There are 2 protein chains.
Amino acid sequence: MGKLARGVALIGAGMSKFGAFPDKTSRELFVEAFIDARNSVDNGIDNKDIEAMFLGNFSSDLFEGQVHTGPIMADWVGLVPKPVTRTEGACASSGIAIRCGVMAIASGLHDVVCVAGVEKMTNLPTSRVTDTLGAASDVEYEFPVGATFPGLYATIATAHMKKYGTTIRQLRTIGIKNHDNGKLNPKAQFPLSIRDLMEKRIKKLKEKGEEAPSWRDEFDFLEDPRANPVVAWPLRLYDCSPITDGAAVLFLAAEEVARKYTDTPIHIIGSGQGSVQLALHDRADITTILAAREAAKMAYRMAGVGPEDIQVAEVHDCFTIAEIVATEDLGFFKPGEGGKAAEEGVTARDGEKPINTSGGLKSKGHPVGASGAGQAVEIWKQLRGEAGKRQVPDVEIGLTHNVGGTGGTCAVHIYRR
Amino acid sequence: MGKLARGVALIGAGMSKFGAFPDKTSRELFVEAFIDARNSVDNGIDNKDIEAMFLGNFSSDLFEGQVHTGPIMADWVGLVPKPVTRTEGACASSGIAIRCGVMAIASGLHDVVCVAGVEKMTNLPTSRVTDTLGAASDVEYEFPVGATFPGLYATIATAHMKKYGTTIRQLRTIGIKNHDNGKLNPKAQFPLSIRDLMEKRIKKLKEKGEEAPSWRDEFDFLEDPRANPVVAWPLRLYDCSPITDGAAVLFLAAEEVARKYTDTPIHIIGSGQGSVQLALHDRADITTILAAREAAKMAYRMAGVGPEDIQVAEVHDCFTIAEIVATEDLGFFKPGEGGKAAEEGVTARDGEKPINTSGGLKSKGHPVGASGAGQAVEIWKQLRGEAGKRQVPDVEIGLTHNVGGTGGTCAVHIYRR
C-alpha cells in the first residue's frame, strides 16, 4: 500500500471570487470557477478530455435544500453524462475529493479528471449558518449541549494556552499575517489588512464626529471589544474565518498525458488522509489533531519528503488557533511552538516557512466545501510563479492541509513543480 | 483509461436487518452491518487490516441533523484514525462508494478497504421523508412546482406506457415477483408475498366481521384502492419501495491479498458510472436513463462481458417502472420489452434472467444510502452459493445497478466468482 500505480499532476486550477453573493447561485459560482480553471490550462482543455468529476460539498442539503448536487454542477459545465461523485468530510470535503481524484487516475480508470468544491452559505441568516456548521460536530453529544464551532475551537485554544503557554498575542498575529497576505489576493473575500480595517474604523468614527480610540497598533485594535468583539473567549471576531460563497476547480491528469496540457504541470507527490472521533471529549489530547498527524505522516511518506522540505503551505485556519495547531501537527514546529514561530515572523510571507500566502480561510474566505480545492489553487500559483504580489520566490515544494470539523477529517497533499 | 492497474475482489459482505427501527440509531445499524460483514470473511479479518473506508450516505444532514457522518461510523467500529470518505449520489450513494473503493485499491494506495452505506430514514414523519427525498430532484425547477419522487417516476411510467405500450399489469408483476423473492430473505423489511398480504387482509377483515372482497388473484387485489391506494397514477402503494433504516458493509481487497481472507473471493470485473441532468424536463428521452446506459457500457467494456453473460442482477427498483427501465438500459431486453419480459417470467427467480432475487428495494427495503452496498451483498451471496432458499443455481457472473434520484447518478458493477 501507499505507492501510486502511476503518477498524477495538476494541469490547471482556478476559483470563483470568494465572498457573499446574494444574487448568485452555487451553480453560477461553480461555472465561474470552472471557466477560471479552464483558462489556467496552458495549452487549453476540452470538456471531452475530462472523464469524471469529484465534487467536495459540505451540505448543500442544509444550506440550499438541495442534495444530489454533483450532477447539477456537472450539467452546468457540460460534463454530463460523465461520472460525478460528491464527497463530504465537513470543511475537508474538497481536500478528500483531491485524494479521490488522485486515486481515480492512479487506478487506471481515468486519465484526466476534474476535482472541485462548492458551497453557498450566505443565503441563510448567520445564526442558522452557525447551526448548520454545528451539524459537523457530534449531534448526539456536542451540539445538543450548546457546542458551536467557535466554542469548540475556543476550547482547543484554552487547552493549548494552558498546556503550552500559547498567548492571545500569538493568536492575533495569525489574523494580522493572513489579512496582510489576503490584501494581495484579488479573489479574497476581505482583501484588507487589519491595519486597513483599523484606519477605516478611525476614519468612519471621525466622519461621524465621534472621538476615535487611540489604538497604538493592530494588537491594541484587536483587543478593543468595540472593534473586535469576543465570539468565544479567547477567540474574537478576527480570529474567526468568515461565512463565504465560492467554488474552486482543479484538473488532474496522469503524468503521461499531463505534458499535452502544460509544460509546467504541478506533480502531486504526496496524499494523506486521516480521521478522529468527532467529539472533543472522546479524544486523548485536544491540543493536537490526530487525523492531521496521520494524514501528514502518510503524505510525507509517499512524497519522500519531510516537513523541512515544504517551502510554502496552505493550512486550515478556520480559527487562528487552528493554524497554530496545524503547523505543529504538520511537523513544521514542535508541539507548543507554533504560536511562538508565528510571533517571530517565521510563517510570514517573507519568513522561512510562509503559511497561507493566499490570505488563508481567514481573509480569502471559507466556503467550506470549496476551501480544500481553493488551497490547491494557491499552491498551483505559487509553484508556477504566478502568485503576483504575494509570490514567494523560487518555491518548488508546497503543501495543503484541509481539516473537517474540529479535526474529524483531515486531508494533506504535497506538490512539486 | 478504463483498465485497472490491479485487480480488486470482494472478500466479505454483510448487512443489518432492513426495516423501521425507532429505537436504533444509524450508528447502531452500521455496527450491526459491520459485524455481519466481518463474520462473512471466511478466514477472518482484523480492523488493523482495513486501511480506509468509503461510506455512502444520502443525507444524514436532513434525516438526522448530522453531517460529517463518516468519522462517526469509522469511530463506532474502531477504524479511527484511518481515512474515511463519505460519498453522496442520492440513492446511488453507496454504489458510487463501491467505485471509489475499487479505485482506492487499484491505485496502489490501499490493499484492503471497507465500502459501506447507511441511512436512518424513519425518524421523520412520512411527509417529511417525501420532502427530504425530493431534495434529490432539481430544487430550483422540479421540487418547487410540487414534484415528488412517486410523481416523477409516474411521469416516467406514463411516458413508457405511451411510447411502448407497457401495461399496468406489467408494473404490478414486478412488485409481485420481488415480494415473492423477498419472502425468502430473512433480512428483508417486508418478507411477505403479495398473496400473503392479500390473505392477511382477508383474514383481518373476517376477524372484524366485515365482508372480504372477492379478489380473484394478486392482480385483482393490487387494483383495489382499499388494498393498494394510488400514490401517483399509475403507481400504487405496492409499486413503491418503502421507507427504511439500514446499513450494508463490504470489504474489498487487492487480488494479490484476497486469498489471505477467503478461498472464494468475488472478483469485481467491471465498474461504470454515469450522470445526467437531474430535471426530467432537461432530458431528450425520459423512458430511458442515460446515466445508466453510460455506466453499463463502461462496466461491460471493462469486464469484457455483455448483457447476455449476466446470470443474476440486482437492479434499482425504487418503483416498479424503474426495474423495467433498468432491465432495458442494461441491455437485458430491447427498449420497450422490459415489461413484457417480466410478465413472461423471464426475470423471475427461476427465469432465464433472474432480477432482484433479494426482494429488491421493493421488498427488502430501501435505506437509500445503503441500497447500493446492499445489492452487492446479495450478489456476494448468490455467486458464492450462500443465498439459501432464494439461491439461483450455478451462477458465476452477477451485476448491480444502483440509481440516484430519477437517474442523475448511476453506478453499475459486474462481479465474477
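Check the entry above for the structure.
For the rest of this paragraph, the subject is the interface of chain A and chain B. Of the residues lining the interface, 67 residues belong to chain A; the matching set on chain B comes to 67 residues. Run the count over chain A and chain B and you get six salt bridges. Residue assignment for the side of chain A that touches chain B shows that the elements contributing at least two residues are helix 2 (60-64), helix 3 (69-76), strand 3 (84-88), helix 4 (93-106), strand 8 (266-275) and helix 11 (290-303) of chain A. Of the residues assigned to the side of chain A that touches chain B, the class counts are 30 nonpolar, 22 polar and 15 charged. Pairing analysis gives three bridges linking strand 3 of chain A to strand 3 (residues 84-88) of chain B, with the strands arranged antiparallel. Looking across to strand 3 of chain B, one finds that T87 of chain A is bridged to T87 of chain B.

This next bit is on the nonpolar core. In this structure, F30 and F251 of chain A together with Y153, I321 and I414 of chain B are the most contacted members of the largest nonpolar core, which totals 91 residues. With sequence-adjacent residues up to four places away left out, F251 of chain A is seen in contact with A9, L10, I11, G12, F34, A37, R38, V41, I45, I50, V113 and C114 of chain A. Of all hydrophobic cores here, the second largest spans 90 residues; its members include C91 and M121 of chain A together with L29 and F30 of chain B.

Further remarks concern the environment of G398 of chain B. Residue and element names in this part refer to chain B. Relative to the helices and strands, G398 is located in strand 10 (residues 397-404). A sequence separation of 89 residues divides G398 from D309, and the C-alpha atoms of the two residues are 8.6 Å apart. Filtering out sequence-adjacent residues up to four positions away, G398 remains in contact with I310, V312, I379, L383, H413, I414 and Y415.

This part is about helix 5 (residues 126-134) of chain A. Within helix 5 of chain A, the full set of buried residues consists of V129, T132, L133 and G134 of chain A. Where helix 5 of chain A is buried, its residues meet helix 2 and helix 6 (149-164) of chain A.

Attention now goes to the pairing of strand 7 (residues 246-254) of chain B. Residues and elements named next belong to chain B. Taking burial as the measure, the nine residues of strand 7 include nine buried ones, the bulk of the element. Here strand 7 shows a buried face lined by G246, A248, L250, L252 and A254 and a second buried face lined by A247, V249, F251 and A253. In this structure, strand 1 (residues 8-15) lies alongside strand 7, joined through seven bridges in antiparallel fashion. Its bridge partner lying in strand 7, L10 is registered against L252. With eight bridges connecting them, strand 4 (residues 112-119) and strand 7 associate as antiparallel partners. Bridge pairing in strand 7 places V112 opposite A253.

Turning next to unusual backbone geometry. Of note, the bond from V80 of chain B into P81 of chain B is cis; its omega dihedral lies within 30 degrees of zero at 10°. When you line up the elements, P81 of chain B lands in the loop between helix 3 (69-76) and strand 3. Across the junction of W233 of chain B and P234 of chain B, the peptide omega takes the value 10°, indicating a cis bond. Mapped onto the elements, P234 of chain B comes out in the loop between strand 5 (230-232) and strand 6 (235-236). Positive phi values are uncommon outside glycine, yet A90 of chain A reaches one of about 55°. For A90 of chain A, the position within the fold is in the loop between strand 3 and helix 4. For A90 of chain A, a relative accessible area of 0% translates into the label buried.

Another point: helix 6 (residues 149-164) of chain B. Given 3.6 residues to a turn, an α-helix orients residues that are three or four positions apart in the same direction. All names here are of chain B. For helix 6, built from 16 residues, the straight-helix expectation of 22 Å at 1.5 Å per residue is met to within 8% by its first-to-last C-alpha distance of 22 Å. Those residues of helix 6 lying buried are F149, P150, L152, Y153, A154, I156, A157, H160 and M161. Summarising the contacts, the buried residues of helix 6 are in contact with helix 5 (126-134), helix 7 (168-182), strand 5, strand 6, helix 12 (320-329) and strand 10. Downstream of helix 6 by a residue or two, G165 has a phi angle that is positive, lying close to 80°.

In this structure, Q277 of chain A sits in the loop between strand 8 and helix 11. Look at Q277 of chain A and you get buried, because its relative accessible area is 17%. Beyond its immediate stretch of four places on either side in the chain, Q277 of chain A contacts D282 and R283 of chain A together with D75 and V80 of chain B.

Calculation rules
Per chain, residues are indexed from 1 in the order of the written sequence. For this description, chains carry letters from A and ligands carry numbers from 1, given in the order in which they are written. Two thresholds apply to this predicted model, a pLDDT of at least 70 for residue-level local features and 80 or more for giving and counting side-chain atom pairs, whereas whole-chain, interface and lining totals are computed over all residues. Only hydrogens and water are set aside when side-chain values are computed; all heavy atoms of the structure are taken into account. Contacts were defined at the residue level, with two residues in contact if any of their heavy atoms lie within 4.5 Å. Whenever a carboxyl oxygen of Asp or Glu lies within 4 Å of a side-chain nitrogen of Lys or Arg, that contact is scored as a salt bridge. A helix here means a DSSP run of H or I that spans at least four residues, while a strand means a run of E at least two residues long, and both kinds are numbered starting from the N terminus. Polar here means any residue other than Ala, Val, Leu, Ile, Met, Phe, Trp, Tyr, Cys and Pro, which are nonpolar, and Asp, Glu, Lys and Arg, which are charged; Gly is therefore polar. Any two strands between which DSSP finds at least two bridges are classified as paired. Residues belong to a common nonpolar core when they are buried Ala, Val, Leu, Ile, Met, Phe, Trp, Tyr or Cys residues joined through side-chain atoms within 4.5 Å. The cut-offs for exposure are 20% and 50% of the maximum accessible area for each residue type, with area from a 1.4 Å probe on protein chains only; residues under the lower value are buried, those over the upper are exposed, and the others partly exposed. Multiplying 1.5 Å by the residue count of a helix minus one yields the expected span of that helix.

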